[in-house]
Amino acid sequence: MKGGGVGGGGGGGGKRRWKVLVIGVLVLVILSMLVPLAFLLGLHNSFHSPGIVTVQPSSPFERSRINATKHSQRDLSNRVDQVLQKINPVLPKKIDINVVPRDMNRTSISDSKNRGLPVSPAVVANPSHVNKTKTEVSHKGVQGETVNADETQRTCQVKYGSYCLWREENKEPMKDAKVKHMKDLLFVARAYYPSIAKMPSQSKLTRDMKQNIQEFERILIVSSADADLPPQVDKKFEKMEAVIAKAKSFPVDCNNVDKKLRQILDLTEDEATFHMKQSVFLYQLAVHTMPKSLHCLSMRLTVEYFKSGSVDVEDNEKFSDPSLLHFVIISDNILASSVVINSTVLHARESKNFVFHVLTNEQNYFAMKQWFIRNPCKQAAIQVLNIEKLELDNSDVKLSLPAEFRVSFLSGDNLTSQGKRTHYLSLFSQSHYLLPKIFHKLKKVVILDHDVVVQRDLSPLWELDMEGKVNGAVKECSVRLGQLKSLKGESFDANACLWMSGLNVIDLARWRELGVSETYQKFYKQQMSGGGESREAIALQASLLTFQDKVYALDDKWALSGLGYDYYINTQTIKNAATLHYNGNMKPWLELGIPQYKTYWRKHLNREDRFLSDCNVNP
């Protein structure tokens, strides 16, 4: 019985081992059938092949993002094809034509807002009714790249305004070109490596590529600038370029190249977008921040005013005499106000008849007074007023400078040859509507913005017959009321040109008669009650509607605008203009100012004052 038991147990163990072997053989047979099928179906692309460098980021600059962004298959293929042409792999070449329709009426581009910074309000302009949709046909190559670059520049202007113009004019040579070139070579090598690694006959090339890739990664981990690169880096460039050139001579696996190029595109686009937004922020910061030197000047003059016990002998009779020629300047900038007054007096036939009223805030009031005590202007009278201390109906009055609005064109045939799609319009602020009360004894004044330079005698402006109009201004007919999307809800002439502040002849008597200030407040409150729009946009609408049919068009030679954003103004046109208006972001007292226009402003600056050198004021 025992022997039979043992023998039976041995037979059962043999059967179990036999079943295991049979199952193992069946599994191997099934796998041998499935694996070739998987390769035929292309499923192997989802796995890493043995011996191939991983596509996961192995250096810091590539760790930000690896997964491709979800694009449509068609767009992604086009983008990949463009990059493939630059790398020039052994792939079938395609010759096709891009048709680029530009029906910008269907495009809606909103202005980006920078948090924490006061930016110029943006107004999107509709295309004029005379404009037609254009269709541009361009072959791939130099011409196609030019068209794409031009469209990119125009789109940039719509989004970021004068920053794009400033960027184009202030391009600098590429820094750390070697480091960038190393990254490009590394991306290309990684794109070709998986295909080369699958070729058994190219084991030496595979090892060389892997070695070069690893060396480049080690260098880029510790080197972020050309100065950090090791001295023998040029030889490494030669080795890598030779390896890539050899790899290009073999047919490549399109799927691996496509995968790597998607990574290149995503990483490059993300980096470019980041640097663009960073640059725009810094540009806006420089535009809207008072330079340290000007802040120093204001503080030093304020201290000097109280230390010296300055006595300002004001001629009150002149300040309220309606027979004299009165100018009003609203400003918190000492140098800008000084340049306006100096340039006006310099070109005046009889400066003794000129009276200047400078409205400023409490912070700059004493500094402004001290400056004009130290720097009088011939026989002209200068009155500095603190608008926050004036006895007006409104108890809480704050200084508000002329408001500037950026108008962006989405399309149009009326663009200049430089593709200018950006205009800056300057209009009256809340402070302007207080002038009839502040100067209740005067009948007519000329308002000059503080970013204006005068080149002719302005006395003839008082002899104009304004035909019952309130505001004499130069009109900006490149922008019309009907083109402003933000202007809605009221009846207006869609073909009417917009008017500009900068140089304005104001009939105060007619202003009071028509109740212009009250009309403005009525429009402003109506728009505010609707909600949904910014105060700046509401002020724009209220100003344009208030002065509808009340503007007398001055000859264009009285004022030339655009010196704060337009790089292409003709020199002769500048010389012929009576006044130059630096509307836009690039003011002449800022480092960002357009260099060729700064000379017209600088020559009216009193450089002999010691406070300018003490505060290192050098516009």
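What you see is a predicted model, and the numbers here were worked out from it, not measured in a lab. All chains use their own residue numbering, which begins from 1 and follows the written sequence. With the structure being a predicted model, the display of local features is reserved for residues of pLDDT at least 70 and the display and counting of side-chain atom pairs for 80 or more, all residues being used for whole-chain, interface and lining totals. For side-chain calculations, the full set of non-hydrogen atoms in the structure is used, while hydrogens and water are omitted.

Undergrad: A description of the overall build of the protein should follow, citing residues and the corresponding values.
TA: Helix and strand counts for the protein come out as 19 helices and 17 strands. Working rule for contacts: check all heavy atoms of both residues, and any pair within 4.5 Å makes them a contact. A separation threshold of at least 6 residues defines the contact pool for the protein, and within that pool the share at least 24 residues apart is 78%. Put simply, the protein shows about 33000 Å² of open surface, and 54% of that area lies on carbon and sulfur atoms. Helix and strand assignments follow DSSP, with helices taken as H or I runs no shorter than four residues and strands as E runs no shorter than two, numbered in order from the N terminus. Where accessible areas are quoted, they stem from the Shrake-Rupley method and a 1.4 Å probe; at the residue level, only the protein chains shown are allowed to cover.

Undergrad: Can you lay out the environment of Trp462 for me, pointing to particular residues and giving the numbers?
TA: When you line up the elements, Trp462 lands in the loop between strand 10 (452-454) and strand 11 (471-473). Sequence separation between Trp462 and Ile506 is 44 residues; the distance between their C-alpha atoms is 9.8 Å.

Undergrad: Describe the pairing of strand 14 (residues 503-507), listing the residues and the values that go with them.
TA: A regular strand carries its side chains on alternate faces of the sheet. For every residue, the accessible area (1.4 Å probe, protein chains only) is compared with the maximum for its type, and the residue is labelled buried under 20%, exposed over 50%, or partly exposed between those bounds. Within strand 14, four of the five residues are buried, leaving the element largely enclosed by the surrounding structure. As paired strands, strand 9 (residues 444-448) and strand 14 are joined by five bridges and run antiparallel to one another. Paired with Val445 across the bridge in strand 14 is Ile506. Bridging between strand 11 and strand 14 involves two bridges; their strand directions are antiparallel. Bridge pairing in strand 14 places Gly472 opposite Val505. Here, a strand pair is defined by DSSP locating no fewer than two bridges between the strands.

Undergrad: With reference to specific residues and values, describe empty space enclosed by the protein.
TA: Cavity and pocket criteria rest on a 1 Å grid covering protein atoms alone: a 1.4 Å probe that fits but cannot get out defines a cavity, protein on both sides within 12 Å along at least 5 of 7 lines defines an open pocket, and an atom within 4 Å of a point defines a lining residue. Grid points are joined across faces, edges and corners, and a volume is the space filled by probe spheres set on the points. Evaluated as defined, the whole model comprises four cavities of 30 Å³ or more. Together, Met290, Leu294, Leu297, Ser298, Asp332, Asn333, Ile334, Leu335 and Asn364 line the second largest cavity. When residues of the lining of the second largest cavity are traced back to their parent elements, those giving at least two are helix 9 (292-308) and helix 11 (334-346). When residues of the lining of the second largest cavity are assigned to their parent elements, the largest contribution, three residues, is made by helix 9. For this classification, the nonpolar set comprises Ala, Val, Leu, Ile, Met, Phe, Trp, Tyr, Cys and Pro, the charged set comprises Asp, Glu, Lys and Arg, and every other residue, Gly included, is treated as polar. Split by residue class, the lining of the second largest cavity holds five nonpolar, three polar and one charged.

Undergrad: Provide a residue-level description of a nonpolar patch on the surface, including the pertinent values.
TA: Like-charged residues are merged into a patch within 9 Å and nonpolar side chains (Val, Leu, Ile, Met, Phe, Trp, Tyr) within 5 Å, provided each residue has over 30% relative accessible area and no salt bridge. Here a salt bridge means any side-chain nitrogen of Lys or Arg lying within 4 Å of a carboxyl oxygen belonging to Asp or Glu. A surface patch of nonpolar side chains, amounting to about 390 Å² of accessible area, comprises Ile23, Val27, Leu28 and Leu31. Judged by relative accessible area, which is 45%, Leu31 ranks as partly exposed.

Undergrad: Before we move on, could you go through the packing of aromatic side chains and cite the residues and values that matter?
TA: Only centres within 6.5 Å qualify two rings of Phe, Tyr or Trp (six-membered ring in Trp) as a pair; their planes then separate them into stacked at under 30 degrees, edge-to-face at over 60, and tilted for everything else. Applying the stated criterion across every chain, the model contains 23 aromatic pairs. Relative to Tyr283, the ring of Tyr163 has its centre 5.6 Å away and its plane inclined at 65°; by these criteria the two rings are edge-to-face. Of this pair, Tyr163 sits in helix 4 (residues 162-169) while Tyr283 sits in helix 8 (residues 254-288), and the two are 120 residues apart along the sequence. Measuring from centroid to centroid gives 5.7 Å for Phe428 and Phe547, while their planes differ by 85°, and the two rings are edge-to-face. Residue Phe428 is located in the loop between strand 8 (422-427) and helix 13 (435-438), and its partner Phe547 is located in the loop between helix 16 (535-546) and strand 15 (551-553); the two are separated by 119 residues in the primary sequence. These aromatic residues form a ring-pair network of at least three members: Phe428, Tyr433, Trp499, Trp511, Tyr520, Tyr524 and Phe547.

Undergrad: Please give an account of the pattern of salt bridges that cites residues and values.
TA: Evaluation of the coordinates by the stated rule reveals 13 salt bridges. One continuous salt-bridge network, built from bridges that share partners, spans Arg300, Glu304, Arg610 and Asp614.

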